[in-house]
Amino acid sequence: MKNLAVIGFALCVVVIAVVLLPKRGPLNRKFADYGQIIHEVDSEFSRIRVRETEDGVRTLIFVDEDGRESRQSAINVHRPHELQLEYTKNIFASFLFQPRQERVLIVGLGGGGMVRFLHHVSPEMFIEAVEIDPAVVAVAAQYFGTQENDRLKIHVEDAFQFFRDSSHGLYDVIYMDAFLKPTINADAPQLAQRLKTADFLREIRARLEPNGVLAFNLIESDNSTETDLAAIGDVFENVYLFSVPATGNLVVIAAAHGSRLSQAELEDRASGLEAEFAGALPFKQFVEGLR
């Protein structure tokens, strides 16, 4: 009987301990797949969280009202020029259509992983970035080492207004990566949606050089993606869709001029680019994902 009493007491202790343990909710969790939380801040637009793994992969995350995390940008602090996210690799399928990118614009800075990569593979490239949230710019500088320099200009501005100012000039490629970020600002989805109407896409097209291209990162399962693709097709003569395996992302490359490139032509370009980039980007794999 004593043994049964001891066992019963131990079970009660375990049950009480489990009940009293603090819940590991999304806001007090210290560890996740992306590592330990090293910074968190609420801005006007988003809850911004920075995590870092033991091997030095630092990730910028946006957190929605329900505590769900969405990874937006990542950098290996030991090798910051290496792309960590698959969609950021695939969006550079843009080089298949515009191999000489001297001046580019990135809409949506994040931590600046794309910036760090482009400066590594194209040292002469001048990059401008448009980011609506000054808190993101501050986090990118402090935690990701992405700061303005003689090859990078950061505009803290609403992209909708930025594109309406023709004084910024023309770009070889415009990278659009500012659409689907979880937010604590109820108006932010509408702010992003304005960038995807056919009328506004015509304004963006007017900011491209004659052989320039527009590159989008979309979420394939999003309810608006079909409408977005229809709007892009209304404005650009040639639209190419690239699947990003196992991510749910869809990379869209839109070209305003020229004839449509065949699969064979793209495969030939991919071979040359893989040699030129010394294997930094799997261009042949990109072409295999062409729809």
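Please read all numbers here as calculations on a predicted model, not as lab measurements. All residue numbers here refer to positions counted from 1 along the written sequence of the relevant chain. Per-residue local features of the predicted model are confined to residues with pLDDT of at least 70, and side-chain atom pairs are confined, for both listing and counting, to 80 or more; whole-chain, interface and lining totals are unaffected and use all residues. Side-chain descriptors were evaluated using all non-hydrogen atoms of the structure, hydrogens and water having been removed beforehand.

Draft legend 1. Just the overall build of the protein, in detail. What the protein contains, in helices and strands, is 10 helices and 11 strands. Within the protein, buried positions represent 47% of all 291 residues. Contacts between residues were defined by any pair of non-hydrogen atoms, one from each residue, lying within 4.5 Å. Across the protein, contacts joining residues at least 24 apart in sequence account for 62% of those joining residues at least 6 apart. Note that accessible areas follow from Shrake-Rupley with a 1.4 Å probe, and for residues the cover is restricted to the protein chains shown. Summed over its atoms, the accessible surface of the protein is roughly 14,500 Å², and 52% of this surface lies on carbon and sulfur atoms. Strands are runs of DSSP state E lasting at least 2 residues, helices are runs of H or I lasting at least 4, and numbering of each runs from the N terminus. We call a residue buried when its accessible area falls under 20% of the maximum for its residue type, exposed when it is over 50%, and partly exposed in between, using a 1.4 Å probe and counting protein chains only.

Draft legend 2. Examining the packing of aromatic side chains more closely. When the centres of two rings from Phe, Tyr and Trp lie within 6.5 Å, Trp using its six-membered ring, the rings pair. Their planes under 30 degrees apart give stacked, over 60 give edge-to-face, and anything left gives tilted. Counted according to the given criterion, the structure contains 11 aromatic pairs. Between phenylalanine 95 and phenylalanine 277, the aromatic rings sit 4.9 Å apart at their centres with planes inclined by 70°, giving edge-to-face as the arrangement. Of this pair, phenylalanine 95 sits in the loop between α2 (86-90) and β5 (103-107) while phenylalanine 277 sits in the loop between α9 (263-276) and α10 (283-288), and the two are 182 residues apart along the sequence. Relative accessible area serves as the criterion here: at 2%, phenylalanine 95 is assigned to the buried category. Note on phenylalanine 277: relative accessible area 10%, which makes it buried. Each ring, one from phenylalanine 283 and one from phenylalanine 286, has its centre 5.6 Å from the other, and the planes form 80°; the classification is edge-to-face. Highlighted residues: phenylalanine 283 and phenylalanine 286, both in helix α10, separated by 3 residues, approximately one helical turn.

Draft legend 3. Looking closely at the packing of helix α7 (residues 198-205) against helix α8 (residues 225-235). At a minimum axis distance of 9 Å, the contact between α7 and α8 shows a crossing angle of 50°. In terms of orientation, α7 and α8 fall into the oblique class. Between α7 and α8 lies a crossing of right-handed hand. In this structure, α7 uses Ala198, Leu201, Arg202 and Arg205 to contact α8, whose residues at the interface are Ala231, Ile232, Asp234 and Val235. Geometry is summarised by axes, namely lines fitted to C-alpha atoms with helices restricted to the contacting stretch, and by angles between N-to-C directions that run from 0 to 180 degrees. Working definition: roughly parallel below 35 degrees, roughly antiparallel above 145 degrees, roughly perpendicular at 65 to 115 degrees, and oblique for all remaining angles. Take the far helix as your reference; a near helix turned counterclockwise from it by less than a right angle gives a left-handed crossing, and one turned clockwise gives a right-handed crossing.

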